[in-house]
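Each chain, written out:
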Amino acid sequence: MRIAVLADIHGNADALTAVLRDAHDQGAERLIVNGDVVNRGPDSVQVLQTLLDRQDVTFTLGNHDDLLRLWHTRSDALPTAWYTDPFWGATDWSATQLDRAGLLDVPAAWPMTFDLREPGLPSVQIAHGTRDHYRESLSERSDPDRLDQLRTGPDGTTYGVLIGSHIHRPVQHEHMGTLILNTGAVGSPATGDPRAQYLLLDAHSGGWQATLRAVPYDRSEVLRRFQTSGLLNTGLSARIFRDEIITARSLYTPYWTWTEQDGRPRTEATWTAFLNQHLQPT
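Let me begin by describing the structure that accompanies this report. (Residues numbered from 1 in each chain as written. Predicted model: local features only at pLDDT ≥ 70, side-chain atom pairs only at ≥ 80, totals over all residues. Heavy atoms only, no water.)

1. Some points on the sheet that holds strand S8 (residues 178-183)
Point 1. If you walk across this open sheet you meet the 5 strands as S4-S5-S6-S8-S7, and the pairing is mixed. In the strand order of this sheet, the two ends are held by strand S4 (113-116) and strand S7 (170-175), each with one partner. When the angles between neighbouring strand axes are averaged without regard to direction, this sheet yields 15 degrees.
Point 2. Where S7 lies against S8, 6 bridges are found, and the strand directions are antiparallel. Across the sheet, residue glutamate 174 finds its bridge partner in S8, namely leucine 179. (Pairing = 2+ DSSP bridges. Helix = DSSP H or I, 4+ residues; strand = E, 2+ residues; numbered from the N terminus. Axes fitted to C-alpha atoms, helices over the stretch in contact; angles between N-to-C directions.)

Quick look at the structure:
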């Protein structure tokens with residue numbers, strides 16, 4: 001059995017196409033899409049519909065899949081001030097696109113986790129973040145005590161493999177006999193390597209074997225669609241999302257954190273200041 005686990009497509013249809021082609025060529029029999037199919041990039045409708053049209057896909061919920069629905073309904077689960085902040089223009093644009101296509105509420109049915117249990121093999125738990133929250137990071141940097149908690153399920157199951165996504169970088173790590181994996185990102189890697197990243201999981205008599213894949217693709221078309229789709233006209237956040245694809249680096253999250261620390265507004269001026277003070281050459 002060979003399974004492809006992919007995540008963080010973030011509305012990048014060209015990266016998804018490259019990964020689906022590579023997974024097919026590698027003999028993957030099944031796809032597990034571990035959240036964040038949509039938002040950030042210009043192709044949220046296309047990538048979601050492409051995956052829904054397949055018969056071999058299992059989904060888990062990512063924070064961006066949930067965010068767009070919460071945003072569109074003006075849920076009180078999000079800070080009220082966000083709804084009038086122009087910085088959120090790209091999120092509003094993507095939510096509107098999905099709503100018009102009748103796809104906005106589709107992810108509401110996706111579970112937070114998926115457990116893979118095969119006779120004679122260690123149990124596998126897959127979640128965008130962890131089973132407790134889709135924004136919790138899972139990696140070699142996770143606190144060992146926290147990994148101890150996660151490797152044992154509420155029903156007493158001991159997981160031989162834990163798979164997360166969300167952090168946009170691939171990970172392969174072992175903790176107390178449990179394999180800790182992160183898929184990396186299909187649509188916007190944060191490793192300095194612009195190739196689309198995903199995970200192959202192979203079943204063997206001795207257990208599960210992981211292979212981290214990085215697939216080259218031509219980024220010129222998705223970058224062009226930021227402009228032609230109208231997404232880039234929505235403001236600063238769209239430009240940051242585009243620049244993350246160009247640089248293959250995390251820009252949005254450290255900028256957000258920096259503005260939060262000192263209560264700075266998220267504007268062109270503070271973005272320029274952030275780049276000048278914090279962004280190191282690749």
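2. Regarding the packing of helix H1 (residues 13-25) against helix H2 (residues 44-52)
Point 1. The N-to-C vectors of H1 and H2 enclose an angle of 25 degrees; their axes lie 9 Å apart at closest approach. Between H1 and H2, the crossing angle belongs to the class labelled roughly parallel. Judged by residue contacts, Ala13, Leu16 and Leu20 of H1 engage Gln46, Val47, Thr50 and Leu51 from H2.
Point 2. Looking at the contact of H1 with H2 residue by residue, the classes come out as 5 nonpolar, 2 polar and no charged. (Parallel < 35°, antiparallel > 145°, perpendicular 65-115°, else oblique. Contact = heavy atoms within 4.5 Å. Nonpolar A, V, L, I, M, F, W, Y, C, P; charged D, E, K, R; others polar.)

3. Thoughts on the side chain of arginine 40
Point 1. With respect to the helices, strands and loops of the structure, arginine 40 is situated in the loop between strand S2 (30-34) and H2.
Point 2. For arginine 40, a relative accessible area of 11% translates into the label buried.
Point 3. Of the polar contacts made by the side chain of arginine 40, one reaches the side chain of glutamate 244; its length is 2.5 Å.
Point 4. Among residues more than four places away in sequence, those in contact with arginine 40 are His10, His64, Ser94, Phe226, Leu231, Phe241, Glu244 and Tyr252. (Buried < 20%, exposed > 50% of the residue type's maximum accessible area, 1.4 Å probe, protein only. Polar contact = N/O pair within 3.5 Å; in protein donor to acceptor, adjacent residues only side chain to side chain.)

4. Remarks on the pattern of salt bridges
Point 1. Counted according to the given criterion, the structure contains 20 salt bridges.
Point 2. With a closest N to O distance of 2.6 Å, aspartate 132 and arginine 146 form a salt bridge. Residue aspartate 132 is located in the loop between strand S5 (123-127) and helix H5 (144-150), and its partner arginine 146 is located in helix H5; the two are separated by 14 residues in the primary sequence.
Point 3. Assessed through its relative accessible area of 18%, arginine 146 is described here as buried. (Salt bridge = Lys/Arg side-chain N within 4 Å of Asp/Glu carboxyl O.)

5. What to know about the layout of surface pockets
Point 1. Its boundaries defined by the atoms lining it, the largest pocket holds a volume of some 490 Å³.
Point 2. Around the largest pocket, the lining is made up of 25 residues, and of these Arg40, Asn63, His64, Tyr252 and Thr253 lie nearest the centre.
Point 3. Within the residue set of the lining of the largest pocket, elements represented by two or more residues are helix H3 (63-72), helix H7 (236-247) and helix H8 (252-262).
Point 4. When grouped by side-chain class, the residues that make up the lining of the largest pocket number 9 nonpolar, 10 polar and 6 charged. (1 Å grid on protein atoms, 1.4 Å probe; cavity = no way out; pocket = protein on both sides within 12 Å on 5 of 7 lines; lining within 4 Å. Points joined across faces, edges and corners; volume = space filled by probe spheres on them.)

6. So, empty space enclosed by the protein
Point 1. This model, assessed by the stated rule, comprises 2 cavities of 30 Å³ or more.
Point 2. The space that makes up the largest cavity amounts to roughly 70 Å³.
Point 3. Along the walls of the largest cavity sit Gln125, Ile126, Ala127, Gly129, Thr130, Arg131, Leu138, Leu150, Leu162 and Ile163, which together make up its complete lining.
Point 4. Its boundaries defined by the atoms lining it, the second largest cavity holds a volume of some 60 Å³.
Point 5. Here the lining of the second largest cavity takes 3 residues from H7, the largest share from any one element.
Point 6. Residue classes in the lining of the second largest cavity are distributed as 4 nonpolar, 6 polar and 2 charged.

7. Quick notes on unusual backbone geometry
Point 1. The phi torsion at aspartate 8 lies on the positive side, around 50 degrees, for a residue other than glycine.
Point 2. Counting through the fold element by element, aspartate 8 comes out in the loop between strand S1 (2-6) and H1.

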